[in-house]
Amino acid sequence: MSMKLSGKVVLITGGSRGLGAATAAAFADQGADVAISYVASEGKAAAVVTGLEAKGVRAAAIQADQGDLTAAGPLMRRVVETFGKLDILVNNAAVAWQGRTIDDPEIDNAAMDRQWAINAMGVIANIRAASKVLPEGGRIISVGSGLGTRVAFPGTTDYAATKAAVVGYSRGAARDLGRRNITVNVVQAGVMDTDMAASSKDKLPPSLLESLAIRRYAEVNEVAAAIVFLAGPDAAYITGSIIDVSGGFIA
Ligand SMILES: NC(=O)c1ccc[n+]([C@@H]2O[C@H](COP(=O)([O-])OP(=O)(O)OC[C@H]3O[C@@H](n4cnc5c(N)ncnc54)[C@H](OP(=O)(O)O)[C@@H]3O)[C@@H](O)[C@H]2O)c1
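These figures come from a predicted structure and were not determined experimentally.

**Student:** Help me understand the overall build of the protein chain, please; the structure alone is not making it clear to me.
**Tutor:** When helices and strands are tallied, the protein chain shows seven helices and seven strands. Sequence-ordered secondary structure for the protein chain, helices as α and strands as β, is β-α-β-α-β-α-β-α-β-α-β-α-α-β. Since a compact globule built from 251 residues should have a radius of gyration of about 18 Å, the 17 Å found for the protein chain is in line with a globular shape. Considered along the principal axes of its C-alpha atoms, the protein chain spans approximately 50 × 40 × 35 Å. For the protein chain, the proportion of its 251 residues judged to be buried stands at 44%. Expressed as a percentage of contacts within the protein chain between residues at least 6 apart in sequence, the contacts between residues at least 24 apart total 76%.

If you want it as structure tokens, here you go:
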């Protein structure tokens, strides 16, 4: 098996479950040492670390609430203290609190604000903090959603807008960091069968599946593969881009 990321250190936020855990395994399969962050699932994060170490790489789990903007700097420092450096940041952690329109009197605007803090400002804080420690040729990949490009149904305004914000910030960061050959990209995932999707399933329109060019949900490994590609040597000239892995949701 080729090991394109041997000697690299990656931080994957929200690596305790779902896409983050699958992405952590995909990086380890390419020889990278892997740090994951989590907010609540200490046991699941520890199990992911055990699985990564069984693949022969170094791994660590770090508790850090992405909704607390002061946590980003210490998180990056912990990775550097543990592994000696940070080469690749994958901003995967997010929440999806959907289901009510913005004029619904029952909408929980405090929860929407917290969603903004985790999905947008927390990602921005991570990018700012990582930009201080990434070396020449470093990589930043953020996980977006097809909803960041096309808001296909009501009740997801805030979630969709957090993902659009990440795209805009990533484009600017690509410009700012390009002189150091640091690339900044977004992988927009389609619906994947994770805890997040399970919690929003009753809020997604039944017609969503029929609207896709490829009429099935994404496998987490399909999305993880695009993230790993952007971190690898073959993607050094791709920056400020969106790779959409959503079965044609935005086609
Ligand atoms: N699932 C989908 O259908 C879908 C579609 C499009 C895009 N996406 C995007 O794909 C990414 C991964 O989603 P997923 O489906 O794998 O989600 P998931 O199964 O709900 O897992 C979320 C991960 O994020 C972590 N997390 C949540 N809040 C956090 C916080 N405040 N601070 C730090 N970590 C936090 C969780 O940690 P704990 O385990 O500790 O809670 C967990 O590791 C997200 O960016 C999401 O928006 C998902």
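On we go.
**Student:** What should I look at first to understand the site of the ligand in this one?
**Tutor:** Inspection of the region around the ligand gives 32 residues, with G14, G18, S41, A94 and T194 positioned closest. Looking at the shell around the ligand, the elements with two or more residues in it are α1 (18-29), β2 (33-38), β5 (139-145) and α6 (195-200). Of the residues assigned to the shell around the ligand, the class counts are 15 nonpolar, 13 polar and four charged.

**Student:** Would you mind showing me how to read helix α4 (residues 109-133) here?
**Tutor:** Within an α-helix, residues lying three or four positions from one another point in the same direction, as the helix has 3.6 residues per turn. If you check α4, its first and last C-alpha atoms are 35 Å apart, about what 25 residues at 1.5 Å a residue would give, namely 36 Å. Its maximal kink placed at M121, α4 deviates by approximately 35°. Along α4, the residues that are buried comprise Q115, I118, N119, A120, G122, V123, A125, N126, I127, A129 and A130. Contacts made by the buried residues of α4 are with α3 (72-83), β4 (88-91), β5 and α5 (157-177).

**Student:** Honestly, the sheet that holds β5 in this entry has me stumped. Any pointers?
**Tutor:** Sheet strands pair by backbone hydrogen bonding; their relative direction is either parallel or antiparallel. With parallel pairing, the seven strands of this open sheet are ordered in space as β3-β2-β1-β4-β5-β6-β7. Unpaired on one side and paired on the other, β3 (59-63) and β7 (242-245) mark the two borders of the sheet. Neighbour-to-neighbour, the strand axes of this sheet turn through a mean angle of 20°, independent of strand direction. Of the pairings in the sheet, the one linking β4 to β5 comprises four bridges and is parallel in character. Of the residues in β5, the one forming a bridge with V90 is I141. Its contacts with the sheet place α3 against β1 (9-12), β2 and β3, and it is angled at close to 150° to β2. Contacts between α4 and the sheet are confined to β4 and β5, with β4 contributing the most and set at about 175° to the helix.

**Student:** Help me out: how do you make sense of the nonpolar core in this one?
**Tutor:** Nonpolar side chains tend toward joint burial in soluble globular proteins. In this structure, V10, V34, V187, V223 and I227 are the most contacted members of the largest nonpolar core, which totals 70 residues. Per-element tally for this core: the top contributor is helix α7 (residues 220-231), with eight residues. Each residue touching V10, except ones within four places of it in the same chain, is listed here: F27, A32, V34, D87, I88, V90 and A231.

**Student:** Please explain unusual backbone geometry as it appears in this structure.
**Tutor:** With the exception of glycine, the majority of residues adopt a negative phi angle, and the majority of peptide bonds are in the trans configuration. One non-glycine residue with positive phi stands out, namely N181, at about 55°. Relative to the assigned elements, N181 resides in the loop between α5 and β6 (183-189). On the basis of neighbour counts, which here come to 14 C-beta atoms within 10 Å, the residue N181 falls in the partly exposed class.

**Student:** I keep staring at the packing of α4 against α5 and nothing clicks. Help me out?
**Tutor:** The packing of two helices is summarised by the inter-axis angle and the distance between the axes. α5 packs onto α4 with a crossing angle of 15° between their chain directions and a minimal axis gap of 9 Å. Between α4 and α5, the angle is such that the two are roughly parallel. Relative to α5, the crossing made by α4 is right-handed. Residues M112, Q115, W116, N119, A120, V123, I124, I127 and S131 of α4 form the contact with α5, whose participating residues are D158, Y159, T162, K163, A165, V166, Y169, A173 and L177.

**Student:** When you look at the pairing of β3 in this model, what are you seeing that I'm missing?
**Tutor:** Looking along a regular strand, one sees the side chains alternate between the two faces of the sheet. The pairing of β2 with β3 spans five bridges and is parallel. Residue pairing in the sheet places Y38 in a bridge with Q63 of β3. In terms of handedness, the path from β2 via helix α2 (residues 42-54) over to β3 forms a crossover that is right-handed.

**Student:** It is not clear to me how the packing of α1 against α2 should be interpreted in this structure. Could you clarify?
**Tutor:** Contact geometry of α1 with α2 gives a least axis separation of 9 Å together with a crossing angle of 20°. One finds that α1 runs roughly parallel with respect to α2. Crossing of α1 against α2: the hand is right-handed. Facing A21, A24, A25 and A28 of α1, the residues of α2 in contact are V48, G51 and L52.

What counts, and where the lines are drawn
Residues numbered from 1 in each chain as written. Predicted model: local features only at pLDDT ≥ 70, side-chain atom pairs only at ≥ 80, totals over all residues. Helix = DSSP H or I, 4+ residues; strand = E, 2+ residues; numbered from the N terminus. Rg over C-alpha atoms; globule rule 2.2 N^0.38 Å. Buried ≥ 20, exposed ≤ 12 C-beta atoms within 10 Å, placed from the backbone. Contact = placed C-beta atoms within 7 Å. Near = placed C-beta within 6 Å. Nonpolar A, V, L, I, M, F, W, Y, C, P; charged D, E, K, R; others polar. Expected span 1.5 Å × (residues − 1). Bend = angle between axes of the 7 residues up to and from the residue. Pairing = 2+ DSSP bridges. Axes fitted to C-alpha atoms, helices over the stretch in contact; angles between N-to-C directions. Core = buried A, V, L, I, M, F, W, Y, C linked by C-beta atoms within 7 Å. Parallel < 35°, antiparallel > 145°, perpendicular 65-115°, else oblique. Left-handed = near helix turned anticlockwise from the far one by under 90°. Right-handed = clockwise from strand over helix to strand, strands pointing away.

Note that every value here comes from positions in space, so none of it alone points to a role or purpose.
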